[in-house]
Amino acid sequence: MQNKGLIKVFAILFGLVCLYQLSFTFITNNVEADAEEFAVQEVDETVENYSELRDQAEARYLDSIGNKEVIAGITYNNAKDKELNKGLDLKGGINVILQISVRDILSGLANDSRDPAFRKALAEADEAQTDSQENYVDLFFEAFNNIPNAKLASPDIFANKTLSDEVNFNMSNEEVEPVIRRKIDESITSAFEVLRKRIDKFGVTQPNIQRLGNSGRILVELPGAKDISRVKNLLQSTAQLEFWHVYKNNEIGNFLVQANNKLAEMKRSQDTTSEEETDTTATSGDSEIDELLADAEDSTDVETGNNPLFDLIVSPGFQGGPVLATFQVQDTAKVMDYLQNPQIRSLLPSEMRYAKFVWGVPDEETQTTGLYALKGNRNMEPPLSGSVITDAQQTYDQLGRIAVSMQMDGTGAKIWEDMTGKASNEQSQIAIVLDDIVYSAPGVSTGAISGGRSEISGDFSITEGQDLANVLRAGKLPASADIIQSEVVGPSLGQEAIDSGVMSFVIALILVLIWMILYYGKAGIFADIALAVNILFIFGILAGLGAVLTLPGIAGIVLTIGMSVDANVLIFERIKEELAKGKVQKDAIKDGFNNALSSILDANITTGLTGLILFLLGTGPIKGFATTLLIGIATSLFTAVFITRLFIDGYGTKGKSLDFTTSLTKNLFTNLNIDFLKKRKVAYIVSGLFIVISIGSLMVQGLNEGVDFVGGRTYTVRFAEDVNPTEVQNDLVATFGSAEAKTFGPDNQLKITTKYKVNEEGAEVDEEIQRSLYESLGSYLPAEITYEEFIDGADDKQVGVMQSMKVGATIADDIKNASFWAVLGSLIVVFLYILLRFRKWQFSLGAVAAVFHDVLVVLGIFSLLYKVMPFNMEIDQAFIAAILTVIGYSLNDTVVVFDRIREFVNEHASWPLDKTVNAALSSTLSRTLNTSLTTLVVLLAIFIFGGESIRGFMFALIVGVIVGTYSSLFIATPVMFDSVKKKSSLQKKEKPKTEEAATTA
């Protein structure tokens, strides 16, 4: 092998980079373990709400040391940004897909038009969307254009006052459509920005929010979120854009001084109480003063206690400005607790008694934010709401500075004129507030602004200007944001998944490492080293890319172990063949690597193609599985081809020798000559029976389709004691009309599914169903468990809803169609690849026939057994991932066999085709069985120890590996053989070698 030195340097450097990337995860894990230990010592289990109090103590600890150096200049906050992310199924949290109602946006743009053509087009689009993959706006335009003489530019539809600057009466439908599409996109962008800013309130690390194409769907992932009900409500609530008059800092300065002095007095009074009383009151939370100062006492920032409020100020506001003072973000909750305390608010002058304290947008660099005081009223209603805004854009003022222009409707223009006139006279500011966050507080320098059109200028960057414009547009957003798909995983279930995932990974790894040594001896040790390097590379790359590790992702890594072994098995078996021909070891190693490379590449590319389709079409955990699979394929190739060779390439020189067998495996699978083709008719009959039974079962019994494909809600509920699923199901049917309850793992855990109100969206419906579930299960739950504990609960939660999922009917149809096209697309891609690679359609036909066979058999087994198996066998997105993986594995096996057949056809030109094919199959049998058994051991380890949530997924893979191994020998090859009319059609075009020449070679 050439360039050994370069490969060594690259491998060492890349390994060090991977270790560096993983070091951040190691650092955060250690710091968080310390924080957890601190919280346990701080709050005893006997305290009411101890879990919540421990979370708060842990958060305070992490905040206090967040910017302190841990090692080599790395802080906890730095490391947290770069750690290996854990998905919902490992960390707990919530994953939702929100649907922004394009229908509502269209109605809003048309000023809720009652035009018959407009209403008819909306109704037809509503109906078409239930089973169509097109965007709602496309369906609307299609329906509208089919109505005779209907004009989008009608004054009763889009040629209204609101859109008068962009739509006029003379425009055709084709001219109006791009304007409406742009307006819809702006509205969705505004909704996206509102949601993006809202998720900062949830206090989770590494949140993810992204738009899904142009469909109006927004994905929100919040790993670690615990208050699930609050999260759902906040995500679905409409944007609250408001305009308020704001106090200047000099107007409210005296109050802040009095507040600080009063807090200091309360602190001194607290210090005079006995230690015993302090502990008791702090624990019980009965004293308002104790609640107010609890955080302050835990913080080293205010140990002196002289200035509880002022000691937290980072910098005062500018004289006469709207910012009262600037504080650290981590101190905002504490400051707000101070200011909201009744004893402190009583210090406000009577004319300021309705003052409302709010925060500004945090500075991401300094992690500070400004405090504002809004001029509230008895009803705490703003003088002007954001619903009056008709448009907002980032523009430039007369001096070329970045500005934001906004336009209000007639009603808003009059109120805005009064507000701006008052602000101009008093030389004060007007705060633009979204969801109680001040985004800007501009002053008015030109007197009252009439007409409703205003320009906000300031020291903006382009991004800040665009963000403010989005915020202003959000105020007029007439669209609802409904959760059409959600998945909630409790933190305790996430920890269980980590434990089971790690256990399955370790067991699978140990079994594979031992097997390779038992089978290949010292060469197996080198393969194990390469495997260990491969795993380091996979985790390092995942951490470096910021990818999310999920439980299916761990399954993908463990499956990669089997694939990595496969590459080494191919190489070692080819080296053994070359040694058997009498070659010296140095040449045998060289030729063995060269001959195995083609099969390794073909096998990994076919698997990689299915992984790529999974990555492009999958979401959430499935994308995590595809990510690790694709990374694993790339690293497996490198480690098998280069790392393993670095160890064994020197053997055969200077008297060094290396055996690729042990005393147990030396003569295993040697001199085999099995007539596989003779048994093909029996195989056809057996497979035919299996396929007929499978199709029959699919037609009669069908499949157990999960909520992914049919819509509905599913809850994993754990009870304190074992329950009878039939009894529980009867109680649930009485409540919901239709429901299903099945044991899920242990006998005290059920998976409950219902389609009740599947077509209705909204937080109210979710709340209604959750409360009905709680009430229906009341007789099976401990008497002391509350509804909140049943739904949300604590980190160590052992009773209640551990996991939940909701899929709306519309998105369920989309998922089903996407899954169908994913499977079909993978078959087409693989057929074309094999046709391109082997240049013979007979090979493609055999491979695709085997894949169809494998998929039908797996589907048939799931159809036949889902009612009797003791684990979940639902057909969902995870199952589709398993099917695609089975396709990839089956093709992996088939391609290796075909590669050897093609090689033998050209080497042994004088042999009959059946003899050539049988000899090729016999020569690959050692590799086929070795790889299949190794992979099965890995999959069985995950199946047994990997947790209930992926047991069905693993079962599909196990069946697929067994059936795929069988089909590569008894379906793919026989079909290829029977479709060949003469042997020469499989030979290369160049003149073939003679038998004598081949033997000599």
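No experiment lies behind these values; they were computed from the predicted model shown.

Caption draft 1: Structural context of the overall build of the protein. For the protein, the helix and strand inventory stands at 32 helices and 23 strands. Across the 1001 residues of the protein, 54% fall into the buried class. Considering only contacts within the protein whose residues lie at least 6 apart along the sequence, 75% involve residues at least 24 apart. Summed over all atoms, the accessible surface of the protein reaches about 44,300 Å², with 55% contributed by carbon and sulfur.

Caption draft 2: Molecular detail of the sheet that holds strand E20 (residues 712–718). One open sheet accounts for 8 strands, arranged E5-E6-E4-E18-E23-E20-E22-E21; its pairing is antiparallel. Both outer strands of the open sheet, strand E5 (208–212) and strand E21 (740–743), are each paired with one neighbouring strand and no more. Pairwise comparison of adjacent strand axes, ignoring direction, gives a mean angle of 20° for this sheet. The pairing of strand E4 (residues 93–100) with strand E18 (residues 481–489) spans 8 bridges and is classified as antiparallel. Within E18, the residue paired with Gln99 across the bridge is Asp482. Here helix H24 (residues 725–736) sits on the sheet and contacts E21 and strand E22 (749–754); the angle it forms with E21, its principal contact strand, is near 160°.

Caption draft 3: Representation of a negative patch on the surface within the structure. On the surface, a cluster of negative charge is made up of Asp363, Glu364, Glu365 and Glu464. If you trace the backbone, Glu364 turns up in the loop between strand E10 (356–360) and strand E11 (368–374).

Caption draft 4: Focus on the environment of Gln394. Inspection of the secondary structure assignment puts Gln394 in strand E13 (residues 389–396). C-alpha separation for the pair Gln394 and Ser405, spaced 11 residues apart in sequence, amounts to 6.4 Å. Not counting the four nearest positions on each side in its chain, Gln394 is found in contact with Ile402, Ala403, Val404, Ile462, Gly465, Gln466 and Ala469.

Caption draft 5: Here's a closer look at the pairing of strand E7 (residues 241–246). When you tally the buried positions in E7, you get 6 out of 6 residues, the bulk of the element. Strand direction decides the pairing type here: E7 and strand E15 (residues 429–434), joined by 6 bridges, are antiparallel. Looking at the pairing, Trp244 lines up with Ala431 of E15. When E7 meets strand E12 (residues 384–385), the two strands line up antiparallel, connected through 2 bridges. Bridging across to E12, Glu242 finds its partner in Ser385.

Caption draft 6: Looking closely at the packing of helix H1 (residues 4–42) against helix H2 (residues 50–65). Where H1 contacts H2, the axes come no closer than 8 Å and their chain directions differ by 135°. In terms of orientation, H1 and H2 fall into the oblique class. Crossing handedness for the pair H1 and H2: right-handed. Here H1 contributes Val31, Glu32, Asp34, Ala35, Glu36, Phe38, Ala39, Val40 and Glu42 to the contact with H2, which in turn contributes Arg54, Ala57, Glu58, Tyr61, Leu62 and Ile65. Here the residues of the contact of H1 with H2 sort into 9 nonpolar, no polar and 6 charged.

Caption draft 7: Inspection of the packing of aromatic side chains at higher detail. With the rule as written, the count across this model stands at 29 aromatic pairs. Consider the rings of Phe676 and Phe970, whose centres lie 5.8 Å apart with planes at 55°: the pair is tilted. Within this pair, whereas Phe676 is found in the loop between helix H21 (621–648) and helix H22 (680–700), its partner Phe970 is found in helix H31 (residues 951–979), the two being separated by 294 residues in sequence. Geometry around Trp911 places Lys915 over its ring, the cationic atom sitting 4.4 Å from the centre. It is Arg951 that lies over the ring of Phe943; its NZ or CZ is 5.9 Å from the centre.

Caption draft 8: Seen up close, helix H6 (residues 116–129). Spanning 14 residues, H6 covers 20 Å between terminal C-alpha atoms, matching the ideal 20 Å at 1.5 Å per step. For H6, the complete set of buried residues consists of Ala117, Phe118, Ala121, Leu122 and Ala125. In a view along the axis of H6, the buried residues occupy a sector of 135°, so they form one face of it. With respect to the buried face of H6, the exposed residues turned more than 90 degrees away are Pro116 and Glu127. Of the surrounding elements, those touching the buried residues of H6 are helix H5 (102–109) and helix H7 (136–145). The backbone nitrogen of Ala117 lies 3.0 Å from a side-chain oxygen of the residue at the head of H6, namely Asp115.

Caption draft 9: Fine view of the confidence of the model for the protein. Here the protein averages 80 in pLDDT, while 88% of its residues score no lower than 70. Confidence drops under a pLDDT of 50 for residues 278–305, and excluding neighbours within four residues, the segment shows 42 contacts in the predicted structure. Taken together, the stretch residues 990–1001 has pLDDT below 50 and engages in 11 contacts with residues farther than four places along the chain or on a different chain.

Caption draft 10: Representation of unusual backbone geometry. Its identity as a non-glycine residue notwithstanding, Asp112 has a phi of 50°, on the positive side. Looking at the secondary structure, you find Asp112 in the loop between H5 and H6. Unlike most non-glycine residues, Gln367 shows phi in positive territory, near 55°. Residue placement: Gln367 occurs in the loop between E10 and E11. Residue Gln367 is classed as partly exposed on the basis of its relative accessible area, which comes to 40%.

Caption draft 11: Examining a nonpolar patch on the surface more closely. Judged by side-chain polarity, Val502, Val506, Ile510, Ile514, Trp515 and Leu518 come together as a nonpolar surface patch covering roughly 500 Å² of accessible area. One can find Val506 in helix H17 (residues 491–520).

Caption draft 12: Summary view of the pairing of E21. With 4 bridges connecting them, E21 and E22 associate as antiparallel partners. Counted as the bridge partner of Glu740 is Thr753 from E22. Turn length for the E21-E22 hairpin, with the two strands adjacent in sequence and antiparallel, is 5 residues, and the turn residue Gly745 shows positive phi of about 90°.

Caption draft 13: Layout of the packing of H22 against helix H28 (residues 841–865). Packing of H22 against H28 leaves a shortest axis separation of 8 Å and a crossing angle of 50°. When the axes of H22 and H28 are compared, the pair comes out oblique. For the crossing formed where H22 meets H28, the hand is left-handed. Counted together, Ser687, Phe690, Ile691, Ile693, Ser694, Ser697 and Leu698 of H22 and His853, Leu856, Val857, Leu859, Gly860, Ser863 and Leu864 of H28 form the full contact between these two elements. Here the residues of the contact of H22 with H28 sort into 8 nonpolar, 6 polar and no charged.

Caption draft 14: The arrangement of the pattern of salt bridges in detail. Following the criterion strictly, the structure yields 24 salt bridges and no others. Counted as one network, the salt bridges with shared partners bring together Glu166, Arg182, Lys183 and Glu186.

Caption draft 15: Up close: the sheet that holds strand E14 (residues 402–408). The antiparallel open sheet is built from 3 strands, whose spatial order is E13-E14-E17. Strands with a single pairing partner mark the edges of an open sheet, and in this sheet they are E13 and strand E17 (453–457). Here the strands of the sheet are splayed against their neighbours by 20° on average, with no regard to which way each runs. Pairing of E13 with E14, which is carried by 7 bridges, proceeds in the antiparallel orientation. Paired with Ala392 across the bridge in E14 is Met406. Here helix H15 (residues 410–426) sits on the sheet in contact with E14 and E17, set at roughly 120° to E14.

Caption draft 16: Local environment of the side chain of Thr754. Structurally, the position occupied by Thr754 is in strand E22. Within polar-contact distance, the side chain of Thr754 engages the backbone nitrogen of Tyr756 at 3.1 Å.

Caption draft 17: Structural view of H1. Between its terminal C-alpha atoms H1 stretches 56 Å, which fits the 57 Å expected from 39 residues at 1.5 Å a residue. Where H1 bends most, at Leu22, the angle is about 25°.

Caption draft 18: Inspection of the environment of Gly521 at higher detail. Mapped onto the fold, Gly521 is located in the loop between H17 and helix H18 (522–545). Along the chain, Gly521 and Leu664 lie 143 residues apart, while their C-alpha atoms are 9.9 Å from each other. Excluding residues within four positions of it along the chain, Gly521 makes contact with Met516, Thr661 and Thr662.

Cut-offs applied
- Residues numbered from 1 in each chain as written.
- Predicted model: local features only at pLDDT ≥ 70, side-chain atom pairs only at ≥ 80, totals over all residues.
- Heavy atoms only, no water.
- Helix = DSSP H or I, 4+ residues; strand = E, 2+ residues; numbered from the N terminus.
- Buried < 20%, exposed > 50% of the residue type's maximum accessible area, 1.4 Å probe, protein only.
- Contact = heavy atoms within 4.5 Å.
- Areas by Shrake-Rupley, 256 points an atom, 1.4 Å probe, with all protein chains shown as cover.
- Pairing = 2+ DSSP bridges.
- Axes fitted to C-alpha atoms, helices over the stretch in contact; angles between N-to-C directions.
- Patch = residues over 30% accessible without salt bridge, like charges linked within 9 Å, V, L, I, M, F, W, Y side chains within 5 Å.
- Salt bridge = Lys/Arg side-chain N within 4 Å of Asp/Glu carboxyl O.
- Lys, Arg positive; Asp, Glu negative; His and termini not counted.
- Charge placed at Lys NZ, Arg CZ, Asp CG, Glu CD.
- Parallel < 35°, antiparallel > 145°, perpendicular 65-115°, else oblique.
- Left-handed = near helix turned anticlockwise from the far one by under 90°.
- Nonpolar A, V, L, I, M, F, W, Y, C, P; charged D, E, K, R; others polar.
- Phe/Tyr/Trp six-rings, centres within 6.5 Å; stacked < 30°, edge-to-face > 60°.
- Lys NZ or Arg CZ within 6 Å of the ring centre and 35° of its normal.
- Expected span 1.5 Å × (residues − 1).
- Arc of directions from axis to C-beta.
- Polar contact = N/O pair within 3.5 Å; in protein donor to acceptor, adjacent residues only side chain to side chain.
- pLDDT = per-residue confidence, 0-100.
- Bend = angle between axes of the 7 residues up to and from the residue.

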